[in-house]
Amino acid sequence: AYLVNNNYEDTRFGAYAKHLSQKGSLIGQQFSQQEISAFGRQLYDAFTVSGDLGYKRYGTRFYGAMADAGPGLNPDPELKQAFNDVFLNAELTSNKREGDDEALSYSLRTKGYLYSDAFEAKENSFLLSGYLEKQRQAFRFGAHVSADFTNVVQKSSKLGNHLANINPYIRFKGQNYNLTVGVNLVSEFGDSTRTNVFPNVSLDFSLIPDYADLYATVDGGVIKTSFKELTRENPWLMPDITIANTVERLRISAGIKGNAGAMFGYKAGISYRKLENMPLFQNYLFNTYQFDVVYDGQDKAVSVFGIEGEINLRISE
């Protein structure tokens, strides 16, 4: 169910509710999902305020089985798992006035949630972030700033995993190119402390105007590992998993993108990444229907190569 009020030119608000239930052919292969939220947006002359508040629940069972495992890996498929997520998001963003290209652009965002499972694991998180950007002729000066506070409580462990990030940059727009030069300063604090500085450089060059652009990026950063994101990807985790942030020590990407006429667009590129503490899922030794989280790249960074391609074809108006 989706309800929204659009009767006011500068105000929009509504609510959303969802229930989904599924069942598979294996014993205990059942899933359910519920969600309810309210949202709103208010437009002012200088800025826009928006946000949403809601609750999500996801339930499943540890039904793990293999084709040649007889009755299944789990002797008790009645074992249940359920995740509860109470969340709040709010954002204030500046409105760009027509013809005022050198106006100050800004944004302030806050995100928070309370997350828990059926086995005493809990996570609470609060994120405050923002950016400022000012244009002077062909230059743009700006910075992204964020502070992320996350606490994880499991059956036999507690973890404070907090991140502070500052990303100042300068952008220059030439006749046939856009260049961004900056740094990404990331400080991890809480149960462990570490500070890293990463490059943040990108270039777009118009090889054939309106038809082919070359692009290249060199940057890095810290990817926060959270209990919430891990269980969203794999809800059958064992209790008391290890949580460690992934350090993207280096990321290089390059390629070509553009259009061949008004009806056809394309993009092709390659990438290279060096990762420390890359999380992977592995069957738990004692309960093989559950998964543990292990980390590659602790002694030596993992190299990851990527190839991507994209084609857009517009058949008609």
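Just above sits the structure.
In this text, all values refer to a predicted model and were calculated from it rather than measured experimentally.

Enquirer: Please clarify how the overall build of the chain should be interpreted in this entry.
Expert: Along the chain, the regular secondary structure elements total one helix and 17 strands. C-alpha atoms of the chain, sized along the principal axes, occupy 70 × 55 × 50 Å. Among the 317 residues that make up the chain, the fraction classed as buried is 31%. Just so you have it, the chain exposes about 19300 Å², and 56% of that area is on carbon and sulfur atoms.

Enquirer: Help me understand the side chain of Gln 154, please; the structure alone is not making it clear to me.
Expert: You can see Gln 154 is positioned in strand E8 (residues 139-154). At 2.9 Å, the side chain of Gln 154 forms a polar contact with the backbone oxygen of Ile 241. Setting aside its immediate chain neighbours within four residues, Gln 154 contacts Glu 120, Ala 121, Pro 239, Asp 240, Ile 241 and Ile 243.

Enquirer: Whenever I open this one, a nonpolar patch on the surface confuses me. Can you help?
Expert: Taken together, the side chains of Tyr 177, Leu 203, Phe 205, Leu 207, Ile 208, Tyr 211 and Leu 214 define a hydrophobic patch exposed on the protein surface, amounting to about 610 Å² of accessible area. The leading source of residues in the nonpolar patch is strand E11 (residues 194-208), at four residues. Relative to the helices and strands, Tyr 177 resides in strand E10 (residues 177-190).

Enquirer: Looking at this structure, I do not really get the nonpolar core. What am I missing?
Expert: A general feature of soluble globular proteins is that nonpolar side chains tend to end up buried together. Grouped together as the largest cluster of nonpolar side chains are 15 residues, with contacts concentrated most on Phe 227, Ile 241, Ile 243 and Val 293. Only strand E5 (80-94), strand E6 (105-116), helix H1 (227-233) and strand E16 (291-296) provide two or more residues apiece to this core. Excluding residues that lie within four positions of it along the chain, Val 293 makes contacts with Leu 230, Leu 237, Ile 241, Thr 242, Pro 279, Leu 280 and Phe 281. Counting residues in hydrophobic clusters, the runner-up holds five residues, among them Leu 163, Val 186, Val 222 and Val 247.

Enquirer: Please explain the pairing of strand E3 (residues 30-43) as it appears in this structure.
Expert: If a strand is regular, its side chains alternate between the two faces of the sheet. When strand E2 (residues 11-23) meets E3, the two strands line up antiparallel, connected through 13 bridges. Counted as the bridge partner of Leu 20 is Gln 33 from E3. As consecutive antiparallel partners, E2 and E3 are separated by six residues, and within that stretch Gly 28 has a phi angle of approximately 80°, a positive value. Counted along the chain from E3 to the antiparallel partner strand E4 (residues 47-61), the turn is three residues long.

Enquirer: Before we go on, may I ask you to explain the packing of aromatic side chains in this structure?
Expert: The geometry of an aromatic ring pair comes down to the distance between the two centres and the angle between the two planes. For the structure on display, the rule yields 16 aromatic pairs. Ring geometry for Tyr 2 against Phe 39: centres 5.7 Å apart, planes inclined by 20°, an arrangement best described as stacked. Residue Tyr 2 is found in strand E1 (residues 2-5), and its partner Phe 39 is found in strand E3; the two are separated by 37 residues along the sequence. Given the relative accessible area of 19%, Phe 39 is considered buried. Judged by centre distance (6.2 Å) and plane angle (20°), the rings of Phe 139 and Phe 141 are stacked.

Enquirer: Sorry if this is basic, but what is going on with the pattern of salt bridges here?
Expert: It is possible for side chains bearing opposite charge to pair when their charged atoms get close. Using the criterion set out here, one finds 12 salt bridges in the structure. With a closest N to O distance of 3.5 Å, Lys 257 and Asp 204 form a salt bridge. Here the residue Lys 257 occupies a position in strand E13 (residues 246-259), and Asp 204 occupies one in strand E11, the gap between them amounting to 53 residues. Take Lys 257: its relative accessible area is 28%, and that puts it in the partly exposed class. Residue Asp 204 is classed as partly exposed on the basis of its relative accessible area, which comes to 28%. Measuring nitrogen to oxygen at the nearest pair gives 2.7 Å for the salt bridge that ties Asp 219 to Arg 251. Note that Asp 219 is positioned in strand E12 (residues 212-223) and Arg 251 in strand E13, a separation of 32 residues in sequence. When its relative accessible area of 11% is taken as the criterion, Asp 219 is described as buried. Among the charged side chains, a salt-bridge network with shared partners connects Asp 85, Lys 228, Glu 229 and Arg 232.

Enquirer: Before we go on, may I ask you to explain unusual backbone geometry in this structure?
Expert: What you tend to see is this: most non-glycine residues have negative phi, and most peptide bonds are trans. Its identity as a non-glycine residue notwithstanding, Gln 137 has a phi of 55°, on the positive side. Even without being glycine, Asn 277 reaches a positive phi, approximately 65°. Note that Asn 277 resides in the loop between strand E14 (264-276) and strand E15 (278-283). In this structure Asn 277 comes out as buried when scored by relative accessible area, which is 15%.

Procedures and definitions
- Residues numbered from 1 in each chain as written.
- Predicted model: local features only at pLDDT ≥ 70, side-chain atom pairs only at ≥ 80, totals over all residues.
- Heavy atoms only, no water.
- Helix = DSSP H or I, 4+ residues; strand = E, 2+ residues; numbered from the N terminus.
- Buried < 20%, exposed > 50% of the residue type's maximum accessible area, 1.4 Å probe, protein only.
- Areas by Shrake-Rupley, 256 points an atom, 1.4 Å probe, with all protein chains shown as cover.
- Polar contact = N/O pair within 3.5 Å; in protein donor to acceptor, adjacent residues only side chain to side chain.
- Contact = heavy atoms within 4.5 Å.
- Patch = residues over 30% accessible without salt bridge, like charges linked within 9 Å, V, L, I, M, F, W, Y side chains within 5 Å.
- Salt bridge = Lys/Arg side-chain N within 4 Å of Asp/Glu carboxyl O.
- Core = buried A, V, L, I, M, F, W, Y, C linked by side-chain atoms within 4.5 Å.
- Pairing = 2+ DSSP bridges.
- Phe/Tyr/Trp six-rings, centres within 6.5 Å; stacked < 30°, edge-to-face > 60°.

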